[in-house]
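Chains, contacts and geometry: an overview
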Amino acid sequence: MLTGCGGSSKTEEIYLPVGTARNVTVTLEDGSSYVFGFNVISAQNAYVYSGESASPSSASMHVRGYVPADDTASEISFYWYTNRDGEEAFPCYMVMTNVQNVTKGTGSATCAVSDPYFADPAVTDRPGTLTRFNLPN
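Throughout what follows, the structure given in this document is the object of discussion. Nothing here was measured: the structure is a model prediction, and the numbers come from that model.

Comments concerning the packing of aromatic side chains
Aromatic ring pairs are described here by two measures, namely the spacing of the ring centres and the angle between the planes. Tallying each qualifying case throughout the model produces 8 aromatic pairs. Taken together, a centroid distance of 4.8 Å and an interplanar angle of 40 degrees make the contact between F38 and F78 tilted. Placement of F38 in strand β2 (residues 33-40) and of F78 in strand β5 (residues 72-81) is noted, with a sequence separation of 40 residues between them. Ring geometry for Y79 versus Y93: centroids 6.5 Å apart, planes at 50 degrees, classification tilted. Remark: Y93 occurs in strand β6 (residues 91-100) and Y79 occurs in strand β5; sequence separation between them is 14 residues. Members of the aromatic cluster, joined through ring pairs, are F36, F38, F78 and W80.

What follows is the structure, given as structure tokens:
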């Protein structure tokens, strides 16, 4: 007799709940910090705050393997253009993998960042900490 067969009862999603808003602090290779804020506005988009402007940039957001029951995700990534007034817009990205405590508490992730003003050249495999959302100064 076979018993105990079956898959996981935890479902995975490909989006984060609208209204999820977090700050992510990434420790760069030179010891400085890159602070990134995001606010989910739809299944595939978020406002991002990276310190380039008081107003947010609109970002494309991609989510893999978000498990609401565990509050974890395989990957969350954001792609946007800088929005400094009067300057050329440059493409940027923030990719978080192995994300823990996605929506609440203090979380962690492994981060890759490309932002020509704050993380240039691009950095990979850097530790990141997720915390309650506050607008960057």
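A look at the sheet that holds strand β3 (residues 45-49)
One closed barrel accounts for 8 strands, arranged β1-β2-β3-β4-β5-β6-β7-β8; its pairing is antiparallel. With strand direction ignored, the average angle separating the axes of adjacent strands in the sheet is 30 degrees. Pairing between strand β1 (residues 21-27) and β2: 7 bridges, direction antiparallel. Opposite V26, over in β2, you have Y34 as the bridge partner.

Re the side chain of R22
In this fold, R22 is placed in strand β1. One buried charged side chain, R22, makes no salt bridge at all; its nearest oppositely charged neighbour is D71, positioned 6.0 Å away. Of note is the side chain of R22, whose polar atom sits 3.0 Å from the backbone oxygen of N101. Within the structure, the side chain of R22 is placed 2.7 Å from the backbone oxygen of G105, a separation counted as a polar contact.

Scoring rules and cut-offs
- Residue numbering note: each chain is counted from 1, following its sequence as written.
- Owing to the predicted nature of the model, reporting of local features is limited to residues with pLDDT of at least 70; listing and counting of side-chain atom pairs is limited to 80 or more, with chain, interface and lining totals taken over all residues.
- Calculated side-chain values reflect all of the structure's heavy atoms, with hydrogen atoms and water omitted.
- Only the six-membered ring of Trp is used, alongside the rings of Phe and Tyr, when aromatic pairs are assigned; centres must lie within 6.5 Å, and planes under 30 degrees apart are stacked while those over 60 apart are edge-to-face, with the rest tilted.
- Helix and strand assignments come from DSSP, with helices taken as H or I runs of at least 4 residues and strands as E runs of at least 2, each series counted from the N terminus.
- What makes two strands pair is DSSP finding at least two bridges between them.
- Only the stretch in contact is used when fitting a helix axis, every axis being a line fitted to C-alpha atoms; angles between N-to-C directions are given from 0 to 180 degrees.
- Accessible area is worked out with a 1.4 Å probe on protein chains only. A residue is then buried under 20% of its type maximum, exposed over 50%, and partly exposed in between.
- Asp and Glu count as negative and Lys and Arg as positive, but His and the ends of the chain are not part of the count.
- By convention in these notes, a salt bridge is any Lys or Arg side-chain nitrogen within 4 Å of a carboxyl oxygen on Asp or Glu.
- Two N or O atoms count as a polar contact when they lie within 3.5 Å, although within protein this holds only if one can serve as hydrogen donor and the other as acceptor, and sequence-adjacent residues are included solely when both atoms are side-chain atoms.

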